[in-house]
Amino acid sequence: MKKSILYKSYAAGLVSALALSLLSCGSTSSIAKGVEPSIRRANGARQGVYYSLFVRSFADSNGDGIGDFNGITAKLDYLNDGDDSTTTDLGITGIWLLPIYPSQSYHGYDVDDYYAVNPEYGTMEDFERLLQECKKRGISVILDMTCNHSSRFTEWFQAGRDPADPHHKWYRWIKGDDPRYNLNAKALGHTIWHEDKKYTGNYCSGLFDFNMPDFNLDSPEVRAEFKKIMKFWMDKGVDGFRYDAAIHVYNSAKTEPGTNSTEKAVQWWKEITDYNKSLNPECYNVGEVWENNTIRSQYLAGLGSDFHFDMGTRIIDTLRYNDDGNNTFANGMQADYSRMAKSNPEYIDAPFLSNHDQPRAAGLLRGNAEMCKAAASLYMFTEGIPFVYYGEEIGMRSGTDDLTKRTPMLWNESNAEGKPKDKLQTTWAADSDCRYNLKTIPVSVQEKDSESLLQHYKKIIRVKTAHPALYAGKFTAVGTGSDKVSSWQMKSEEETAFVMTNISGEAVTVEVPKDYQGFKVAFKSEVAETVITGDEASISAITIPAYSTVILSNKEF
């Protein structure tokens with residue numbers, strides 16, 4: 001197998017001169033070498049593949065070093081150019097924008113104003129233009145939304161510090177002598193109750209930080225306000241929301257003793273998502289419930305979709321140990337899906353490798369490009385809507401500090417003066433935070449390499465969005481008898497597919513289970529080196545190259 005280049009070698013100076021045009025990171029050809037065009041059949045905000053995008057780090061249109069809406073618009077053709085006959089774009093069908101609101105922090109999760117955009121990212125008109133351009137390309141857009149807390153600088157909180165003000169009830173305030181609460185209670189490593197120095201004796205909960213006071217979602221006025229906020233953005237064309245800290249809205253550390261925190265949280269999420277669906281039945285709502293599957297599944301009754309935390313860890317462990325004995329990964333996933341279906345038969349899973357709060361997957365896989373490809377295939381071809389964290393497709397790495405996980409997207413190499421050749425590359429982050437990507441190969445170089453990780457992502461995203469079994473199907477673990485191959489069935493009303501991924505560094509030959517021997521090959525991540533035994537009417541065995549994937553299907557698309 002040809003080894004793809006993901007990181008720069010210390011030996012020869014790799015790739016000296018690959019220039020880009022000002023507003024494009026793509027080649028002049030509309031067909032990327034090694035990537036086949038396909039017709040996208042996944043449709044709407046509730047199907048397909050999303051791209052998780054931190055605006056500050058993605059693309060900078062005005063030269064201030066900070067990413068902005070116009071920068072994203074300029075790079076949209078990298079994500080999806082709206083033309084199924086081309087293969088130079090990644091092929092994603094949706095974008096999740098991390099917080100875009102005015103904020104005191106670089107990350108934006110402490111929102112100052114829920115009805116405005118961060119001026120560092122541009123104007124509301126710039127944002128609306130971005131939405132319009134996304135619609136032209138068939139890209140859905142969902143926004144990050146924090147219903148658990150705001151910043152201390154909202155008009156609501158500033159007014160509500162006064163116990164006599166109506167907004168006081170919008171947040172979780174208690175009196176210091178209230179025996180029901182422990183003022184020394186801690187969560188997430190710090191004290192959650194914070195005294196107001198002006199109105200002494202009054203304490204407000206801030207589960208995440210003193211500067212992030214928690215909303216009181218028992219307040220009818222707060223619930224009504226959030227519905228207004230949802231409508232405001234959906235009226236502009238937003239297709240849904242990713243709800244931050246969804247598990248914490250009724251965290252037991254800040255609620256009255258005896259409160260059924262999970263039940264109340266699920267009721268709240270059902271109320272707000274039902275409201276959103278009343279505005280747009282096809283909107284997509286997904287929640288961050290950072291817990292094990294047993295707890296996470298309970299929230300599906302309200303949210304309808306939540307992120308599959310711990311899937312990425314399972315995938316990385318499977319690959320690092322080169323062992324999937326008893327088809328462990330697939331059987332574990334099936335058990336998860338079974339619990340999820342009991343909570344909500346219409347659930348939509350949201351698989352991912354890593355996100356903005358976690359160390360990047362490529363770093364955990366020690367920069368091994370082939371392992372990164374296998375990891376991508378393992379989560380891409382499970383149920384639901386996969387989320388690709390920006391830069392994941394080129395193998396960006398990070399440390400454990402949050403800033404290192406959110407560094408600038410690497411569009412091109414730097415020139416002799418150390419400045420990015422791509423004029424849209426952001427430069428806001430400190431060099432010390434960017435050090436993990438000193439050897440990461442940028443987009444412009446990977447686009448020229450048919451074996452690169454980037455080209456692999458283009459392939460698997462196209463396969464995911466072209467096959468109904470993969471974008472709309474349900475998962476059943478089906479083993480091959482090999483402890484080096486993770487395999488399962490995906491089945492929709494239109495199609496049945498059988499997915500096999502070699503999780504080891506050596507080629508593996510497996511017998512195809514009888515139920516799938518009449519299927520045809522729908523995808524081979526390594527075309528030349530995959531060996532098929534049998535004829536088109538009956539494939540009896542397949543030799544799967546190291547870290548590669550083969551998919552069989554009973555239909556041709």
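All figures in this text were calculated on a predicted structure; none of them were measured in a lab.

Quick notes on the overall build of the protein
A count of helices and strands for the protein gives 16 helices and 21 strands. Across its three principal axes, the protein shows a C-alpha extent of roughly 80 × 55 × 40 Å. Put simply, the protein has 557 residues, and 59% of those count as buried. Considering only contacts in the protein between residues 6 or more positions apart, those separated by 24 or more positions represent 72%. Taken as a whole, the protein presents about 21500 Å² of accessible surface, with 49% of it coming from carbon and sulfur.

Some words on the confidence of the model for the protein
The predicted model of the protein has a mean per-residue pLDDT of 94, with 95% of residues at 70 or higher. Predicted confidence for residues 9–28 stays below pLDDT 50, and this span has 37 contacts to residues more than four positions away or in other chains.

Some points on helix α9 (residues 311–321)
Taken together, the buried positions of α9 are occupied by M311, G312, I315, I316, T318 and L319. The buried residues of α9 occupy an angular sector of 160° when the element is viewed end-on, so they sit on one face. The inward-facing, buried residues of α9 abut α10 (328–343), β12 (348–350), α11 (361–364) and α12 (369–380). At the exit of α9 stands N322, carrying a positive phi of roughly 50°.

Description of helix α15 (residues 453–466)
A rise of 1.5 Å per residue sets the reference length of α15, with its 14 residues, at 20 Å; its end C-alpha atoms lie 20 Å apart and thus fit the reference within 8%. Counting buried positions along α15 gives 14 out of 14 residues, so the element sits mostly inside the fold.

Quick word on the pairing of strand β15 (residues 485–491)
In terms of burial, β15 is a largely internal element, six of the seven residues being buried. With four bridges joining them, strand β14 (residues 474–477) and β15 adopt antiparallel strand pairing. Along β15, the bridge assignment pairs K474 with K491. Here β15 runs beside strand β16 (residues 496–502); their pairing, made up of seven bridges, is antiparallel. Within the sheet, the bridge partner assigned to W488 lies in β16 and is V499. Counting the residues between successive antiparallel strands, the hairpin from β15 to β16 contains four residues.

Here's the deal with the sheet that holds β15
The antiparallel open sheet is built from five strands, whose spatial order is β14-β15-β16-β21-β18. At either end of the open sheet lies a strand with only one pairing partner, and these are β14 and β18 (520–524). Between one strand axis and the next, the sheet turns by 25° as a mean value, whatever way the strands run.

Some thoughts on the environment of D196
Tracing the backbone through its elements, the reader meets D196 in the loop between β7 (193–195) and β8 (202–205). Among the residues examined, D196 registers a relative accessible area of 3% and is labelled buried. Through-space distance from the C-alpha of D196 to that of R161 is 7.5 Å; in sequence the pair is 35 residues apart. D196 has contacts with R161, W173 and N202, leaving out every residue within four places of it along the chain. At a separation of 2.7 Å, a polar atom in the side chain of D196 contacts the side chain of R161.

Regarding the pattern of salt bridges
When charged atoms on two side chains of opposite charge get close, those side chains can pair. In total, this model carries 34 salt bridges according to the counting rule given. K75 is paired through a salt bridge with D422; the nearest N and O atoms lie 2.8 Å apart. Here the residue K75 occupies a position in the loop between α2 (69–74) and α3 (76–79), and D422 occupies one in the loop between β13 (387–389) and α13 (431–434), the gap between them amounting to 347 residues. Here E128 ties to K236 by a salt bridge, and the two come within 2.7 Å at their closest N and O atoms. Taken as a pair, E128 in helix α4 (residues 124–136) and K236 in the loop between α6 (220–235) and β9 (240–244) lie far apart in primary sequence, 108 residues in all. With relative accessibility at 26%, the residue K236 sits in the partly exposed group. Via salt bridges that share partners, D77, E133, K136 and R137 belong to a single interconnected network.

A few points about the packing of α9 against α12
Two numbers describe how α9 lies on α12: the axes approach to 10 Å, and their chain directions differ by 140°. Overall, the two elements α9 and α12 adopt an arrangement that is oblique. Where α9 crosses over α12, the handedness of that crossing is right-handed. Contacts between α9 and α12 involve M311, I315, L319 and R320 from the first element and M371, A374, A375, L378 and Y379 from the second.

Brief notes about the sheet that holds β7
Read from one edge of the open sheet, three strands run β4-β8-β7, paired in antiparallel fashion. Unpaired on one side and paired on the other, β4 (173–175) and β7 mark the two borders of the sheet. With strand direction ignored, the average angle separating the axes of adjacent strands in the sheet is 35°. Pairing of β7 with β8 involves three bridges; the strand directions are antiparallel. Note that in β8 the partner of H194 across the bridge is C204.

A closer look at the nonpolar core
Of all hydrophobic cores here, the largest spans 131 residues; its most connected members are F226 and W233. Beyond its immediate sequence surroundings of up to four residues, W233 is in contact with I100, Y101, Y114, Y115, A116, V117, M124, F127, L143, M145, V238 and F241. Residues F498, V508, I542 and V550 belong to the second largest nonpolar core, which totals 14 residues.

Some details on unusual backbone geometry
With a phi angle near 50°, A245 is a residue other than glycine that sits in the positive phi range. Mapped onto the elements, A245 comes out in the loop between β9 and α7 (261–279). Although it is not a glycine, Y547 adopts a positive phi angle of roughly 55°. By secondary structure assignment, the location of Y547 is in the loop between β20 (538–544) and β21 (549–553). Look at Y547 and you get buried, because its relative accessible area is 9%.

Conventions adopted
Residues numbered from 1 in each chain as written. Predicted model: local features only at pLDDT ≥ 70, side-chain atom pairs only at ≥ 80, totals over all residues. Heavy atoms only, no water. Helix = DSSP H or I, 4+ residues; strand = E, 2+ residues; numbered from the N terminus. Buried < 20%, exposed > 50% of the residue type's maximum accessible area, 1.4 Å probe, protein only. Contact = heavy atoms within 4.5 Å. Areas by Shrake-Rupley, 256 points an atom, 1.4 Å probe, with all protein chains shown as cover. pLDDT = per-residue confidence, 0-100. Arc of directions from axis to C-beta. Expected span 1.5 Å × (residues − 1). Pairing = 2+ DSSP bridges. Axes fitted to C-alpha atoms, helices over the stretch in contact; angles between N-to-C directions. Polar contact = N/O pair within 3.5 Å; in protein donor to acceptor, adjacent residues only side chain to side chain. Salt bridge = Lys/Arg side-chain N within 4 Å of Asp/Glu carboxyl O. Parallel < 35°, antiparallel > 145°, perpendicular 65-115°, else oblique. Left-handed = near helix turned anticlockwise from the far one by under 90°. Core = buried A, V, L, I, M, F, W, Y, C linked by side-chain atoms within 4.5 Å.

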